[in-house]
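Structural description and commentary
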Amino acid sequence: MTPPRKLFIRTYGCQMNVYDSERMAEAMGGQGYVPTDRADDADMILLNTCHIREKAAEKVYSELGRFRGLKAANPDLKIGVAGCVAQAEGEEIMRRQPLVDLVVGPQSYHRLPELEQQARRGGKALATDFPEEDKFQTLAARPRARRGPTAFLTVQEGCDKFCAFCVVPYTRGAEMSRPAERVLAEARGLVERGVREITLLGQNVNAYHGAGPGGGDWSLARLIWALNDIDGLERIRFTTSHPNDMADDLIAAHGECAKLMPYLHLPVQSGSDRILKRMNRSHSADGYLRLVERIRTARPDILLSGDFIVGFPEETETDFQATLDLIEAVGYGQAYSFRYSTRPGTPAAERAQVPAAEADDRLQRLQALITRQQRSVQDAMVGREVGVLFEKPGRLPGQMVGKSEYLHAVHVGDSGAAIGDVARVRIVASGANSLSGVLAG
Ligand code: SAH
Ligand code: SF4
Ligand code: F3S
């Protein structure tokens, strides 16, 4: 018997890429491939790439260059580029880096087995179209193997918002939602395999409007309520949300739905109305603050997280100050911030850029503020009792690490807990990046 071929996948970018990589690994499993975590041991290397900022996209080429030696040592090695760089640059990737045998965009993953065959026959293989058929259905059925306690599940993909800085509408295509029944079936399958927490994914997940089983569309809130009924599923999360799609039923669910966790990632990008307008965000800073107030009325303890871009074209010090003011007003428990990166083909790429040094200085000031806020939100957990879903053993003997409802990492010593257990934990200390606690009661 010939040994199975080995597949090495490296994933960049957002959680949706993590989910996609799992699906690609499963699809290739159907072709007799087993996963490996060593590139130098692989018969096929796949880079699942991200195009969101210039650095992310360029990393792909430096990484590819490093595989030259591997390919020389093993002429049967096939190298593929998947994900958003594949979609954005297509054939250009093979021109720039002839080591690459196949390029597959995020909407064509179901064709991966066929592309691999084509590459094995000695050809170059490319698929970057937006096909009509449902890739989620045509990907190989999920194997029954056990898995860890947390999982991502894509329910919505693509974006019609066209923020002036962003490549996602071009790389992921138009907004689409998966039918509710298929999402529920996939969720039940995950729970049977040991999953206790599901994070629903979408570029604009709260714009979800999947076809319901009885006709008519389901909102994200309705889908969450249906997931809430699945026995064995303990926790539901979703990401990423757009402020304009935060519907009343979803806000209400945060107050009423027992399994929906009190954590919300709600990017705003800037606190200046002038910049928000130029970003084509179609909401104001004040509108965002009022929305936050309504969410907190429904669920007072919710932990809010956000994304910020500094140095967007034409951003002045006054605009930047407005962003700091908004951050002060909200009080984030978590936030991600980026220096604006010019993306070819997006409207903002044509505009007057803020000097890099100025943008860097703003980024540092913003990050200092956010770090302070995160710290104080985390420190305020000390003395409180939280639920922890245990995900893995800690570094100390007997120690386990899990996540609280608020997504804080929590270390518990000698808990006797197993992976996948949920327990009540009293927080006793707040460290650099995590909390420690003891079993309550
Ligand atoms: N769909 C999500 C996330 C999009 S990408 C949303 O609407 O929020 C994740 C984050 O990357 C964005 O929220 C934004 O803060 C950042 N980002 C996107 N394009 C960028 C660019 N050109 N330069 C810098 N940061 C960018
Ligand atoms: Fe990009 Fe804006 Fe769409 Fe988010 S909402 S994916 S930032 S275009
Ligand atoms: Fe990156 Fe594509 Fe996700 S550009 S952030 S991998 S949708």
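Residues numbered from 1 in each chain as written. Chains lettered and ligands numbered in written order. Predicted model: local features only at pLDDT ≥ 70, side-chain atom pairs only at ≥ 80, totals over all residues. Heavy atoms only, no water.

1. Quick word on the layout of surface pockets
- In this model, the second largest pocket occupies a volume close to 330 Å³.
- Lining the second largest pocket are 15 residues, and of these Arg53, Lys55, Arg339, Tyr340 and Ser341 sit closest to its centre.
- Secondary structure elements with two or more residues in the lining of the second largest pocket: α2 (54-65), β16 (334-339) and α15 (356-379).
- A class-by-class count of the residues in the lining of the second largest pocket yields six nonpolar, five polar and four charged.
- Two domains each provide a minimum of three residues to the lining of the second largest pocket, namely domain 1 (5-127) and domain 2 (135-379). (1 Å grid on protein atoms, 1.4 Å probe; cavity = no way out; pocket = protein on both sides within 12 Å on 5 of 7 lines; lining within 4 Å. Points joined across faces, edges and corners; volume = space filled by probe spheres on them. Helix = DSSP H or I, 4+ residues; strand = E, 2+ residues; numbered from the N terminus. Nonpolar A, V, L, I, M, F, W, Y, C, P; charged D, E, K, R; others polar. Domains from an automatic or database assignment.)

2. Quick word on the domain arrangement of the chain
- Domain boundaries assigned for the chain yield domain 1 (5-127), domain 2 (135-379) and domain 3 (385-439).
- Its C-alpha centre places domain 1 at a distance of 27 Å from the equivalent point of domain 2.
- Buried area between domain 1 and domain 2, summed over both chains or domains, comes out near 2400 Å², and the portion from carbon and sulfur atoms is 57%.
- Per-residue buried area on domain 1 facing domain 2 is highest for Met16, Tyr19 and Arg23; these three make up 29% of the total on that side.
- Counting every contact that joins domain 1 to domain 2 gives three salt bridges.
- In this structure, arginine 23 engages glutamate 186 in a salt bridge whose closest nitrogen and oxygen atoms are separated by 3.5 Å. (Buried area = accessible area lost by both parts, 1.4 Å probe. Salt bridge = Lys/Arg side-chain N within 4 Å of Asp/Glu carboxyl O.)

3. Examining the sheet that holds strand β20 (residues 422-430)
- With respect to topology, five strands assemble into a closed barrel ordered β17-β18-β19-β21-β20, the strand pairing being mixed. Across this sheet, the average inter-strand angle for adjacent strands is 50 degrees, counted without regard to direction.
- Two elements, β20 and strand β21 (residues 435-439), share five bridges in a ladder whose sense is antiparallel. Its bridge partner being in β21, serine 430 is matched across the sheet by leucine 435. (Pairing = 2+ DSSP bridges. Axes fitted to C-alpha atoms, helices over the stretch in contact; angles between N-to-C directions.)

4. Overview of the packing of helix α10 (residues 220-228) against helix α11 (residues 248-256)
- Running from N to C, α10 and α11 cross one another at 30 degrees; their axes reach a closest spacing of 8 Å. Considering the angle they form, α10 stands roughly parallel to α11. Note that α10 runs across α11; the crossing there is left-handed. Judged by residue contacts, Leu220, Ala221, Ile224 and Trp225 of α10 engage Asp249, Leu250, Ala253 and Glu256 from α11. (Parallel < 35°, antiparallel > 145°, perpendicular 65-115°, else oblique. Left-handed = near helix turned anticlockwise from the far one by under 90°. Contact = heavy atoms within 4.5 Å.)

5. Examining the pattern of salt bridges
- Tallied over the full model, the rule gives 36 salt bridges.
- Across the pair glutamate 114 and arginine 111 runs a salt bridge whose closest N-O atoms are separated by 2.9 Å.
- When its relative accessible area of 42% is taken as the criterion, glutamate 114 is described as partly exposed.
- According to the relative accessible area criterion, arginine 111 is partly exposed, its value standing at 22%.
- In this structure, glutamate 197 and arginine 237 form a salt bridge, with 3.1 Å as the shortest nitrogen-oxygen distance. In this pair, glutamate 197 sits in strand β10 (residues 197-201) while arginine 237 sits in strand β13 (residues 235-239), placing the two residues 40 residues apart along the sequence. In terms of burial, glutamate 197 and arginine 237 fall into one category: buried. (Buried < 20%, exposed > 50% of the residue type's maximum accessible area, 1.4 Å probe, protein only.)

6. As for the sheet that holds β16
- Here we have three strands laid out as an open sheet, ordered β14-β15-β16, and parallel in their pairing. Two strands lie at the open edges of the sheet, namely β14 (263-265) and β16, each paired on one side alone. Ignoring which end each strand starts from, the neighbouring axes of this sheet average 10 degrees apart.
- As defined by bridge partners, strand β15 (residues 303-310) adjoins β16 across six bridges and the pair is classed as parallel. Bridged to aspartate 307 within β16 is tyrosine 336.
- In the packing of α15 onto the sheet, contacts are made with β15 and β16, and the angle to β16 comes to roughly 175 degrees.

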